[in-house]
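What follows is each chain in one-letter form.
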Amino acid sequence: MSTIRLGDEQCLCACMQDFRTRFISQGSEETSSLEDFKALYKASLKDRLDAWERKYKDGELMMERVGDFNNEIKVLNKCIEEKKEHVLNEMTKIKENEKLSAELSENIQTLRDKLNQKMELALANKKANKDKLKELHKSSVLFKERLGLEIRKLAGDRLQFVFRCINPKDMDEPYSCIIYFNEEGEYQLTGCDPPLECIDEYERKVRETKNFSALLANLRKSFVALCNKVK
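Residues numbered from 1 in each chain as written. Predicted model: local features only at pLDDT ≥ 70, side-chain atom pairs only at ≥ 80, totals over all residues. Heavy atoms only, no water.

Caption draft 1: Focus on the sheet that holds strand β4 (residues 187-193). One open sheet accounts for four strands, arranged β1-β2-β3-β4; its pairing is antiparallel. Edge positions in the sheet fall to β1 (149-154) and β4, since each has one partner strand and no second. Going from strand to strand, the sheet's axes swing by 25° on average, the running direction of each strand aside. Here five bridges tie strand β2 (residues 158-163) to strand β3 (residues 175-181), and the two strands are oriented antiparallel to one another. Counted as the bridge partner of L159 is I179 from β3. (Pairing = 2+ DSSP bridges. Helix = DSSP H or I, 4+ residues; strand = E, 2+ residues; numbered from the N terminus. Axes fitted to C-alpha atoms, helices over the stretch in contact; angles between N-to-C directions.)

Right, here's the structure in full:
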């Protein structure tokens, strides 16, 4: 075994002391670098956490906005449905009104046609009645001369037939009956003075036979018979 000399031992101690010093210095530097790295990491982590928190809050805000938009969309959809239903109801009413208007127009036209027919018929009856009245006026002179008959024109195209020369005690005593044509152009007898029980029968016969002369003759006979009965 070789013997270590004193000089070598001192050299070895110096080397070991130098290694120790370097090791401690390097450890201090590494420790300092590690602390700096930890501080940098913490700062970076905090920045990231802050950024993530901001993004999270932005995300929550965005979700709230999306929720608000969805609610607005629901309200708008509901409003659209209500408007659509209202429009459909209005369209239905318009169609019903158009149908009703068409029916009313058709009914009005039908009523107009009926009214025109009635007016034409009324005009025809009025013309026929005037023609009949003219004939009666033409015969009035003959009746007055032979039968003591006077014809008076009253309001409403009515004629009053006044018979005289019936009562031998008073040849001027009047016996009268009003005759006119109704809206249907038929004879109408009323206002007999004195009243005759057979007036309805005479009215029916003259409507059937259109024999006006026979009506006047029957009226005169009835007045004569009534006068004799009173005696």
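Caption draft 2: Examining the packing of helix α2 (residues 199-209) against helix α3 (residues 212-230) more closely. Two elements in contact, α2 and α3, have axes separated by 10 Å at closest approach and are oriented at 165°. Taken together, the axes of α2 and α3 lie roughly antiparallel to each other. Here α2 runs over α3; the crossing is right-handed. The residues of α3 that touch α2, namely those facing I199, Y202 and V206, are F212, L215, N218, L219 and S222. By residue class, the composition of the contact of α2 with α3 is six nonpolar, two polar and no charged. (Parallel < 35°, antiparallel > 145°, perpendicular 65-115°, else oblique. Left-handed = near helix turned anticlockwise from the far one by under 90°. Contact = heavy atoms within 4.5 Å. Nonpolar A, V, L, I, M, F, W, Y, C, P; charged D, E, K, R; others polar.)

Caption draft 3: The pattern of salt bridges, seen in detail. All chains considered together, the criterion is met by seven salt bridges. With a shortest N-O distance of 3.7 Å, K57 and E53 are connected by a salt bridge. Residue K57 and its partner E53 are both found in helix α1 (residues 6-147); the two are separated by four residues, about one turn of the helix. Each member of the salt-bridge network shares a partner with another, and the members are E150, R152 and R164. (Salt bridge = Lys/Arg side-chain N within 4 Å of Asp/Glu carboxyl O.)

Caption draft 4: Quick look at the side chain of Q160. Relative to the elements of secondary structure, Q160 occurs in strand β2. Not counting chain neighbours up to four residues away, the residues in contact with Q160 comprise E150, I151, R152, L154, S176, C177 and I178.

Caption draft 5: Main features of the nonpolar core. If you look at the biggest cluster of nonpolar residues, it comprises 23 residues, and the most contacted ones within it are F161, F163, I179, L189, L215, L216 and L219. Taken together, the elements giving at least two residues each to this core come down to β1, β2, β3, β4, α2 and α3. Among the elements that line this core, the one with the most residues is α3, at six residues. (Core = buried A, V, L, I, M, F, W, Y, C linked by side-chain atoms within 4.5 Å. Buried < 20%, exposed > 50% of the residue type's maximum accessible area, 1.4 Å probe, protein only.)

Caption draft 6: Just the side chain of S176, in detail. Note that S176 resides in strand β3. Not counting chain neighbours up to four residues away, the residues in contact with S176 comprise Q160, F161, V162, G191, C192, D193 and F223.

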